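Tertiary structure, described
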Amino acid sequence: MRPLPLFLEPRLEPRLRSLLAAGDFLHPLVDALGSPLNVLLPEQLADNLARFRAVYRKHHLSGPIHYAHKANRSRAIVRRLAATEAGLDVASLAELQHALGAGCTPERIIATGPKNREFLWLAARTGVTVSLDSRAELDELAELVRKHTLPRVRIMPRLSGFEAPGARVLSRPSRFGTAAAGLDDLLDAVERHRDAVDLTGLAYHLDTTGIPEKAVALEGCIRAMNACHRRGLRPRTIDIGGGFGVNYLAHAAQWERYTTELTNAVLGNRPPLTWHGHGYGLRGEHGTLRGALTLYPAHRATAAETYLDALLSTRAPSLGRPLATLLLENLYDLAVEPGRALVDQCGATLARVLEVRPTPDGDVLLRLGMNARDVGLEEHGVLMDPVLLPRPGAPSTPPGEPVGAYLLGNLCLESDLITRRKVFLPRLPAPGDLLAFANTAGYLMDFTAGRAIQQPAARKVAAFRQDGAWHWRLDEQYWPVDGTGTAEPQGERQA
Amino acid sequence: MRYDSITDAIGDTPLVRIDPAVTGLRHIDLYAKLELLNPFGSVKDRAAWNMTRDALPAAVERGDTVVELSSGNTAKALALIAGMHGLPFKSVTNRMKVPEVKDLLLLLGAEIEELPGRTECLDPTDTDDPLTRIHRMLSAADSGYLHTDQYFSPLNVEAHVTGTGPEIVRDLDGRAPDHFIACVGTAGSSTGVAAVLRAHDPAVEVVGLVADKSDFIPGIRTIDEVHEVGLFDPGTYDTLQSVTADQAIDGMLTLIRRCGLLAGPTGGGAFHGALRHLRTVDAGLADSADRRTAVFIVCDRVESYLGYLRQRRPELFNQPARPNSLGSLTPADLAAARSVDVDAARKWIAEERPLVVDLRGPFAYAALHIEGSINIVDELFDELLHGGLPFGPRQPVLLACPVGEKSERYAALLTRMGHRDARSLAGGIIGWRDAGAPLVRD
């Protein structure tokens, strides 16, 4: 008996669903621009932003929502963002240049991450806020400001290593930030550098999905802000970073069934579900499961703005009041830096099916016009099925049986699989069909893409609806004037 | 009964028949093994004592710390046993989701270390789970730890092979029950009891219960999580079935409200799973004279799970509506509330010196507030108003909260309670600050 297909259907909201239903629009695009192709939906960004802002309003909070630029290099996304009220979190010199060029004014930009002197100089010169990683970075920045007689720089030091009351939480040590216990030394330095820097807030970012850990950190920041005010400093904003997560899958039940079966496969109780029996971090030892599942929790009931809402509604571990209430009554603004969550549903990655090869042991191999670097599913541990877009006008095949298939990339490497999971499709594809990887705009599109063996890097286009039809621009040709009825005809095609 | 040590009182728990009027079973006698009556409150007392008894003298000599990966009952029992022997106890856990359990453990003198949540930015090369890492640290020779290792230690199973299992057979007049139903946590009790019962009668049916995957029931693992348990052997169970948190709570409520058993959710889950399974069996026995027995385990008591229950079934804790609460305000009450803007408020304060009540938390008040205001945090103000006005009805009062929303509701409530001049600061303390009005720190 054939085992039931273990589908992991991607979650598609109306705009992305409508795009992936437009095979007549997408096929000619890939014909013209090559496979793989990244398609972005800039308008979705504004919708996502509005959802985050609604959570702020619900809790009566003010403060900036920064998009973490590193989630995607797209110009269209940053330009569309410039047309909203949101700010931008840039993590490199080039990202800062890009943000400024796209129309984000300096007061809406915050510079984060590891910084070289050039990055610090441009940030200081243009007057963007600098999120400071360490004492050493503060000293370097202050020295730079004095030496080049730059204007006073707004800074938000990043803290880490907060202590919880009651039980000790064994949070992963971070390479970023200054230990909260060393706050006094840091503030001494801030006061010494008063001529060069202006403390406007404090920040933290924890790499965890655990709300209790974040509650400890946020309360720690509220206490640290209070310590600043006692010294006569006047910071106003607490930046809690990002990490709100995305729900990638349509059905919780599919995710739960799949992970159970993966466990069974690792323990040898069923045929493998992955290439060469890969366990995604799990392994069986004498019938006992060991290791940890290194997969993104692809189905998440609480993600993006609902995660922020849940965090803000959590009671502070020692002060006892809900965190949103504490922020509000202490008169602090809240800043957030969602990346993945703000570009949720903002695009897809398309690839051409080049070859359909059944193997002697009953599997199907699909060779695609892309490689594993072009869509970071493996790199980020995101499991989901691609959407099959049959070639329009191809001789209509009867609606066949669902099929499980492994997706091979275009590098001459044994390990170049788009995902090591056997994906499931409603029927066997034919060469010339497209596979669409949904919801790739956050980190999955270009974070790792390169030009190994001179295979083409995916081009990007921005797509939008206008007058009842899909339109597109090359990513670099898109400006927020498009999609508002004043589009220039250049580069335009109509579906 | 006289004992030299409380640990001597572990075990020998009652086996109590559940009233057939409750079970509705006509051919099966269902018995509850009341492990909640162990001295520290749960079935885990047996394993905790069995895993430490022989190792304690040497551990005391070395001054070891007793350590276990536990989020509940095992930690509780071990904390007490360690305390009796003058040793510290530490629990490392990522599953402690019930706040009362955590507080209780701290009260018992336990040190708790919690494992972090899943990482958001995945590192696919990091496949070493924190549990394995901790395991390695604890198992190193001369680590200074006595690691009881409940998920892997054969002493856990042995506690039930020598205790729980034989007690059930003895109390059923030397016969094994036809059906045995248990929730799977460490798998210690189900494995140990099943071995004893099967040795008596190979035909015993053993039903293992796991938590529904999307659910959380304290003390029970999900179908995936049981595979991480070294003691878990699927061959122990004739069938593995899942129960949801809702079903476990329903079962628990029946045990509490109909049977006089103060069972926790795990016992409730076992009862629900037992009934669901046995009803089918019972129906198949319709016309036979065959009489059967079944036993399920009630692991622990309800009192530690109030927070868990409040979260899932708030209606169980419905209090009668209290007088003078914000929830009772009508639109007409709200329309009658008076608000004053920052300028008017400053003038009013200067001229009539109203009592200024700042409803924010004490931490925020201490940092910055309106000069001369007093701090009564909203939660406390709520309590005061249930009893009546905390100041005279003619005393002018200006209420302030962060944005002027809550204060307006309280002004409406005070007015309805007969206060003559209660006003809300429109825009709140934030509006006050943004208008450039002074805030002080004392």
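This structure is a prediction, so every number in the text was calculated from the model and none was measured.

Reading guide: rules and limits
- Residues numbered from 1 in each chain as written.
- Chains lettered and ligands numbered in written order.
- Predicted model: local features only at pLDDT ≥ 70, side-chain atom pairs only at ≥ 80, totals over all residues.
- Heavy atoms only, no water.
- Helix = DSSP H or I, 4+ residues; strand = E, 2+ residues; numbered from the N terminus.
- Rg over C-alpha atoms; globule rule 2.2 N^0.38 Å.
- Buried < 20%, exposed > 50% of the residue type's maximum accessible area, 1.4 Å probe, protein only.
- Contact = heavy atoms within 4.5 Å.
- Lys, Arg positive; Asp, Glu negative; His and termini not counted.
- Charge placed at Lys NZ, Arg CZ, Asp CG, Glu CD.
- pLDDT = per-residue confidence, 0-100.
- Buried area = accessible area lost by both parts, 1.4 Å probe.
- Salt bridge = Lys/Arg side-chain N within 4 Å of Asp/Glu carboxyl O.
- Polar contact = N/O pair within 3.5 Å; in protein donor to acceptor, adjacent residues only side chain to side chain.
- Nonpolar A, V, L, I, M, F, W, Y, C, P; charged D, E, K, R; others polar.
- Pairing = 2+ DSSP bridges.
- Axes fitted to C-alpha atoms, helices over the stretch in contact; angles between N-to-C directions.
- Parallel < 35°, antiparallel > 145°, perpendicular 65-115°, else oblique.
- Left-handed = near helix turned anticlockwise from the far one by under 90°.
- Domains from an automatic or database assignment.
- UniProt positions renumbered as here; feature names shortened; annotations may be inferred.
- Arc of directions from axis to C-beta.
- Core = buried A, V, L, I, M, F, W, Y, C linked by side-chain atoms within 4.5 Å.
- Phe/Tyr/Trp six-rings, centres within 6.5 Å; stacked < 30°, edge-to-face > 60°.
- Right-handed = clockwise from strand over helix to strand, strands pointing away.

**A short note on the overall build of chain A**
Of the regular secondary structure elements, chain A holds 13 helices and 23 strands. The C-alpha atoms of chain A give 24 Å as radius of gyration, which agrees with the globular expectation for 495 residues (23 Å, within 12%). Across the 495 residues that make up chain A, the buried fraction comes to 59%. Within chain A, contacts between residues separated by at least 24 positions form 71% of all contacts whose residues are at least 6 apart in sequence. Side-chain charges in chain A split into 57 positive and 54 negative, and the spacing between the mean points of these groups amounts to 1 Å.

**Quick look at the confidence of the model for chain B**
Residue and element names in this part refer to chain B. Mean pLDDT over chain B stands at 91; residues scoring 70 or higher make up 94%. Across chain B, element-level confidence peaks in strand β2 (residues 28-34) with a mean pLDDT of 98 and bottoms out in helix α6 (residues 130-139) with 68. This prediction of the complex comes with two scores: 0.84 for pTM and 0.75 for ipTM.

**Notes on the interface of chain B and chain A**
The partner chain A presents 55 residues to the 50 residues of chain B that form the contact. For the pairing of chain B and chain A, the buried interface totals around 4,400 Å² over both sides, and the portion due to carbon and sulfur atoms is 52%. Put simply, chain B and chain A have four salt bridges between them. Note that Glu379 of chain B is salt-bridged to Arg321 of chain A, the shortest N-O span being 3.7 Å. Put simply, chain B and chain A have eleven residue pairs in polar contact (both at pLDDT 80 or more) between them. At the level of secondary structure, the elements contributing two or more residues to the side of chain B that touches chain A comprise α5 (99-107), β5 (111-114), α6, α14 (362-367), α15 (378-387) and α17 (428-434) of chain B. Looking at the side of chain B that touches chain A residue by residue, the class counts come to 23 nonpolar, eight polar and 19 charged.

**A few points about the sheet that holds strand β12 (residues 237-239) of chain A**
All names here are of chain A. Spatially, three strands are ordered β11-β12-β15 in an open sheet, and the strand pairing comes out parallel. The open sheet has two edge strands, β11 (201-203) and β15 (333-335), and neither has a second partner. Strand-to-strand twist across the sheet, computed as the mean angle between neighbouring axes with direction ignored, equals 20°. By the bridge criterion, three bridges tie β11 to β12 in an arrangement that is parallel. By the bridge assignment for β12, Leu202 is matched with Ile238. Relative to β11, helix α9 (residues 211-230) is tilted by about 150°, and along the sheet it contacts β11 and β12.

**Some details on the packing of helix α2 (residues 44-52) of chain B against helix α7 (residues 154-171) of chain B**
All names here are of chain B. The N-to-C vectors of α2 and α7 enclose an angle of 130°; their axes lie 8 Å apart at closest approach. With respect to α7, the element α2 is oriented oblique. The chirality of how α2 crosses α7 is right-handed. Between α2 and α7, the contacting residues are Arg46, Ala47, Asn50 and Met51 on the first element and Leu155, Asn156, Glu158, Ala159, His160, Gly163, Thr164 and Glu167 on the second. Within the contact of α2 with α7, the residues separate by chemical class into four nonpolar, five polar and three charged.

**Brief notes about the domain arrangement of chain B**
Think of interface size as the accessible area that goes away when the parts come together; that is how it is often given. The domain boundaries assigned to chain B delineate domain 1 (6-43 + 155-317), domain 2 (46-149) and domain 3 (326-434). On a C-alpha basis, the centroid separation for the pair domain 1 of chain B and domain 3 of chain B is 54 Å.

**A short note on the UniProt feature "domain: Rhodanese" (unreviewed entry) in chain B**
In the UniProt entry, the feature "domain: Rhodanese" (unreviewed entry) is given for residues 350-441 of chain B. Taken end to end, residues 350-441 of chain B is 40% helix and 15% strand, and its first and last C-alpha atoms sit 19 Å apart.

**With respect to the UniProt feature "modified residue: N6-(pyridoxal phosphate)lysine" (unreviewed entry) in chain A**
Residue and element names in this part refer to chain A. The feature "modified residue: N6-(pyridoxal phosphate)lysine" (unreviewed entry), as annotated in UniProt, sits at Lys70 in this numbering. By the secondary structure assignment, Lys70 is in the loop between β2 (66-68) and α4 (75-82). Here Lys70 falls in the partly exposed class, since its relative accessible area comes to 32%.

**Remarks on α15 of chain B**
Side chains that are three or four residues apart share a direction in an α-helix, a result of its 3.6 residues per turn. Residues and elements named next belong to chain B. Looking at α15, one finds that the buried residues are Asp378, Phe381, Leu385 and His386. Looking down the long axis of α15, one finds its buried residues gathered within 145° of arc, a one-sided arrangement. If you follow the buried residues of α15, they end up packed against β14 (397-400) and α16 (406-416). Phi turns positive one or two residues past the end of α15, at Gly388, with a value near 130°.

**A word on the nonpolar core**
In this structure, Leu141, Ile240, Leu308 and Leu368 of chain A are the most contacted members of the largest nonpolar core, which totals 141 residues. With eleven residues, α9 of chain A is the largest single contributor of residues to this core. Contact partners of Leu368 of chain A, with chain neighbours within four places excluded, come to Ala351, Arg352, Val353, Leu354, Leu407, Leu408, Gly409, Asn410, Ile418, Leu435 and Phe437 of chain A. Counting 61 residues, the second largest nonpolar core, distinct from the first, contains Leu87, Val98, Ala263 and Ala270 of chain B.

**Quick look at the domain arrangement of chain A**
Residues and elements named next belong to chain A. Looking at the assigned domains, one finds that chain A contains domain 1 (14-41 + 346-477), domain 2 (43-246 + 300-335) and domain 3 (252-291). The C-alpha-based centres of domain 1 and domain 2 are spaced at 35 Å. Each partner contributes residues to the interface: domain 1 has 17 residues there, and domain 2 has 15 residues. At the junction of domain 1 and domain 2, the tally comes to eleven residue pairs in polar contact (both at pLDDT 80 or more).

**Observations concerning the packing of helix α3 (residues 42-58) of chain A against helix α11 (residues 305-313) of chain A**
The description of two packed helices rests on the angle between their axes and on the distance between the axes. Residue and element names in this part refer to chain A. Close contact between α3 and α11 brings their axes to 9 Å; oriented N to C, the two are set at 20°. With respect to α11, the axis of α3 lies roughly parallel. Where α3 crosses over α11, the two elements pack in a sense that is right-handed. Residues Arg51, Phe52, Val55, Tyr56 and Lys58 of α3 pack against Glu305, Leu308, Asp309 and Leu312 of α11. Classifying every residue of the contact of α3 with α11 gives five nonpolar, no polar and four charged.

**Concerning the side chain of Ser70 of chain B**
Its location among the elements puts Ser70 of chain B in the loop between β3 (65-68) and α4 (73-84). Looking at Ser70 of chain B, its side chain comes within polar contact range of the main-chain nitrogen of Gly72 of chain B, at 3.1 Å.

**Looking at the confidence of the model for chain A**
Per-residue pLDDT for chain A averages 92, and the proportion of residues at 70 or more is 96%. In this model, residues 484-495 of chain A is a region of pLDDT below 50 whose contacts with residues beyond four sequence positions or in other chains number 24 contacts.

**Section: the packing of aromatic side chains**
All names here are of chain B. What the rule picks out here adds up to 14 aromatic pairs over all chains. A centroid spacing of 6.5 Å and a plane angle of 35° characterise the contact between Phe381 and Phe391, whose relative ring orientation is tilted. You can see Phe381 sitting in helix α15 and its partner Phe391 sitting in the loop between α15 and β14, a full ten residues away along the chain. Neither residue differs from the other here; Phe381 and Phe391 are each classed as buried. Where Phe381 meets Tyr410, the ring centres are 5.2 Å apart and the plane angle is 70°; that geometry is what we call edge-to-face. Here Phe381 is found in helix α15, whereas its partner Tyr410 is found in helix α16, with 29 residues between them in sequence.

**With respect to the pairing of β14 of chain B**
Residue and element names in this part refer to chain B. Neither face of β14 is exposed, since Val397 and Leu399 on one face and Leu398 and Ala400 on the opposite face are all buried. Direction of pairing for strand β12 (residues 355-358) relative to β14: parallel, over a ladder of four bridges. Within the sheet, the bridge partner assigned to Val357 lies in β14 and is Leu399. Looking at chain direction, β14 and strand β15 (residues 422-425) are connected through three bridges and run parallel. Residue pairing in the sheet places Val397 in a bridge with Ala422 of β15. Viewed along the sheet, the connection from β14 through α16 into β15 turns out right-handed.

**Overview of the pattern of salt bridges**
Side-chain pairing between opposite charges can occur once the charged atoms of the two side chains come close. What the rule picks out here adds up to 57 salt bridges over all chains. In this structure, the salt-bridge partner of Lys460 of chain A is Asp446 of chain A, at a minimum N-O distance of 2.7 Å. Residue Lys460 of chain A is located in strand β22 (residues 459-466), and its partner Asp446 of chain A is located in the loop between β21 (434-438) and β22; the two are separated by 14 residues in the primary sequence. The salt bridge involving Arg338 of chain B is made with Asp421 of chain B; its shortest N-O contact spans 3.1 Å. In this pair, Arg338 of chain B sits in strand β11 (residues 338-340) while Asp421 of chain B sits in the loop between α16 and β15, placing the two residues 83 residues apart along the sequence. Classification of Arg338 of chain B by relative accessible area gives partly exposed; the value is 40%.

**Considering the pairing of strand β3 (residues 87-90) of chain A**
Working note: regular strand, side chains alternate between the two faces of the sheet. All names here are of chain A. Because side chains alternate across β3, one face comprises the buried residues Gly87 and Asp89, and the other comprises Leu88 and Val90, equally buried. Alignment of β2 against β3, held across three bridges, turns out to be parallel. Across the sheet, Ala68 pairs through a bridge with Asp89, a residue of β3. Since β2 and β3 lie parallel, the crossover through α4 that links them has a hand, and here it is right-handed. For β3 and strand β4 (residues 109-111), the ladder comprises three bridges, and the chain directions are parallel. Across the sheet, residue Val90 finds its bridge partner in β4, namely Ala111. In this region the chain leaves β3, passes through helix α5 (residues 93-101) and returns to the parallel neighbour β4; the handedness of that crossover is right-handed.

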